[in-house]
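The chain contents come next:
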Amino acid sequence: MRGLEVIMRLTVPPAPLDIAREFPELVPYARTTTLLYPRAGSPVRDESSLGGPLLWPADEPWPMCAAPDHYNPARDCAVVGPAPVAMVPVLQLFARNVPAMVFPVGADVLQVLWCPLIHSEYDQHSPVPVLRWQSAADLADRRLLDQAPRPYEFDDEYVPRPCVIHATEAVEYPNWDMPEELSERVGKWSEEIEESCGISYYDAFTTQQSKIGGYPGWTQPPNWPICTCGSPMEHLLTISASESCGRWLPVEERTRPGCGWETSDDPELQHDSHEMIMGDGGGIYVFVCRTCPTWPTVHRYDC
Ligand SMILES: [Zn+2]
Ligand SMILES: [Zn+2]
């Protein structure tokens, strides 16, 4: 299968400091994340992608959204409808490409779609991700959809340009998700190392880019959901507007001037990626409850 050959892991540069020596209290907060590094390309339907075509059974209805109040801010916020709007593919992940990710029994493909319009206040004025867990073996036995329907109305801030992904495991630390007292001390230490090393703790050890697991790439204070069963939900994945990476820019891409520790808003220094602006450099975070047998998910949005 082509997908087996194309997915290339990238090389994350070593951390600029040894956190275990410099700030040992942070060590228990280390989490493994899989950074997706979406890059504009031409993914095919049997490979992992962000915004690429999905393996979708021809006899299964394509997800449509008929929310009564979804709207397109580009058109004076007029409510769209009433005809249902086709959802767009956001993510397709094969288990073989994301070994650190847990799939439900019998599934080895995750597909994420959303309606590319803004939804109600209850839905945080954002698209609402819809997840499908599939089995590649089941899909191989079925006739597949050749062409997904296109939405007749969309906000292009939420329609990803097709990208291949480079799923790469890394260790990260929290930007917000720690006790207040620790957070204050980390903030002070961050200023010190920025003075001495030219990079802050937040740029060096936390990530704000599309990823699986690890910490949500919050751009605002955390807003962790609790499942209806009472369990705290786990961060499953982040889709982030920011893919410029700074310190996390992989070794293979450090070819342009200025690609050091700094994060740049200069489009010349940004890598070609999905081009979703998501409000103003925001993110959509998907959470799952694995205590409930159906693995319910909810999302959070900030910008
Ligand atoms: Zn909708
Ligand atoms: Zn639950």
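Above this text is the structure in question.
Residues numbered from 1 in each chain as written. Chains lettered and ligands numbered in written order. Predicted model: local features only at pLDDT ≥ 70, side-chain atom pairs only at ≥ 80, totals over all residues. Heavy atoms only, no water.

Chemist: What is the right way to read the coordination of the zinc ion (ligand 2) from this model?
Modeler: Ideal donor angles around a metal are set by the shape: a four-donor tetrahedron calls for 109.5 degrees, a six-donor octahedron for 90 or 180 degrees. Coordination of the zinc ion (ligand 2) by the protein comes from Cys227 (SG), Cys229 (SG), Cys289 (SG) and Cys292 (SG), over a distance range of 2.3 Å. For the zinc ion (ligand 2), all donor residues lie on one chain, and their spacing in sequence is C-x1-C-x59-C-x2-C. On the criterion of sequence distance, the pair formed by Cys227 in the loop between strand E13 (211–213) and strand E14 (234–240) and Cys289 in the loop between strand E15 (283–288) and strand E16 (297–302) is long-range, its members being 62 residues apart. We note that Cys227, like Cys289, is buried. (Donors = N, O, S within 2.8 Å, 3.2 Å for Na, K, Ca; no water. Helix = DSSP H or I, 4+ residues; strand = E, 2+ residues; numbered from the N terminus. Buried < 20%, exposed > 50% of the residue type's maximum accessible area, 1.4 Å probe, protein only.)

Chemist: Whenever I open this one, the sheet that holds E14 confuses me. Can you help?
Modeler: Strand-to-strand pairing in sheets goes through backbone hydrogen bonds, with the strands running parallel or antiparallel. With antiparallel pairing, the 6 strands of this open sheet are ordered in space as E12-E1-E13-E14-E15-E16. Looking along the sheet, the strands with just one partner apiece sit at the ends: strand E12 (168–172) and E16. Ignoring which end each strand starts from, the neighbouring axes of this sheet average 25° apart. Where E14 lies against E15, 6 bridges are found, and the strand directions are antiparallel. Residue His235 lies in a different strand from E15, and its bridge partner there is Phe287. (Pairing = 2+ DSSP bridges. Axes fitted to C-alpha atoms, helices over the stretch in contact; angles between N-to-C directions.)

Chemist: Just checking my understanding: could you explain the sheet that holds strand E3 (residues 49–50) for this structure?
Modeler: Within the open sheet, the 6 strands sit side by side as E2-E11-E3-E8-E9-E10. Their pairing is antiparallel. Two strands bound the open sheet, and with one partner strand each, they are strand E2 (39–40) and strand E10 (130–134). Bridging between strand E8 (residues 88–94) and strand E9 (residues 109–114) involves 6 bridges; their strand directions are antiparallel. Paired with Leu93 across the bridge in E9 is Leu110.

Chemist: Would you take a moment to explain the coordination of the zinc ion (ligand 1) for this structure?
Modeler: Every protein donor of the zinc ion (ligand 1) is accounted for by Cys65 (SG), His70 (ND1), Cys115 (SG) and His119 (NE2), and the metal-donor separations fall at 2.0 to 2.4 Å. One way to put it: the 4 donor atoms around the zinc ion (ligand 1) meet at angles of 105 to 120°, and that makes the site tetrahedral. Each donor residue of the zinc ion (ligand 1) lies on one chain, and together they are spaced C-x4-H-x44-C-x3-H. Remark: Cys115 occurs in the loop between E9 and E10 and His70 occurs in the loop between strand E4 (64–65) and strand E5 (71–72); sequence separation between them is 45 residues. For the pair shown, His70 and Cys115 are each scored as buried. (Tetrahedral: all angles 85-135°; square planar, octahedral: opposite > 155°, others 65-115°.)

Chemist: Sorry if this is basic, but what is going on with the nonpolar core here?
Modeler: Side chains of a nonpolar character, in soluble globular proteins, are inclined to be buried together. Ranked by internal contacts, the top residues of the largest apolar core, which has 31 residues, are Leu91, Leu93, Trp114, Leu237 and Ile239. Among the secondary structure elements, those contributing two or more residues to this core are E8, E9, E14 and E15. Per element, the largest residue contribution to this core is 4 residues, and it comes from E8. Sequence-distant contacts of Trp114, defined by excluding residues within four places in its chain, comprise Met87, Val88, Val90, Pro127, Val128, Pro129, Tyr158, Ile239, Met276, Met278 and Ile284. If you look at the next biggest cluster of nonpolar residues, it comprises 14 residues, including Leu17, Leu26, Leu182 and Tyr201. (Core = buried A, V, L, I, M, F, W, Y, C linked by side-chain atoms within 4.5 Å. Contact = heavy atoms within 4.5 Å.)

Chemist: Would you mind going over unusual backbone geometry with me for this structure?
Modeler: With the exception of glycine, the majority of residues adopt a negative phi angle, and the majority of peptide bonds are in the trans configuration. Within the chain, His125 stands out as a residue other than glycine whose phi angle is a positive 55°. Among the structural elements, His125 can be located in the loop between E9 and E10. The backbone of Glu275 sits at a positive phi, close to 65°, despite the residue not being glycine. Following the sequence through the fold, Glu275 ends up in the loop between E14 and helix H6 (278–281).

Chemist: Help me understand the packing of aromatic side chains in this model?
Modeler: Each pair of aromatic rings is reported with the distance of its centres and the angle of its planes. Counted according to the given criterion, the structure contains 13 aromatic pairs. Centroid distance Tyr158 to Tyr301: 6.5 Å. Interplanar angle 65°. Geometry classified as edge-to-face. Taken as a pair, Tyr158 in the loop between helix H3 (136–140) and strand E11 (163–164) and Tyr301 in strand E16 lie far apart in primary sequence, 143 residues in all. Each member of the pair Tyr158 and Tyr301 is classed as buried. Centroid distance Trp218 to Phe287: 5.9 Å. Interplanar angle 25°. Geometry classified as stacked. Highlighted residues: Trp218 in the loop between E13 and E14 and Phe287 in strand E15, separated in sequence by 69 residues. Residue Trp218 is classed as buried on the basis of its relative accessible area of 1%. Residue classification places Phe287 among the buried residues on the basis of a relative accessible area of 0%. For the cation-ring pair, Arg247 lies above Trp248, with the distance from its terminal atom to the ring centre recorded as 4.0 Å. (Phe/Tyr/Trp six-rings, centres within 6.5 Å; stacked < 30°, edge-to-face > 60°. Lys NZ or Arg CZ within 6 Å of the ring centre and 35° of its normal.)

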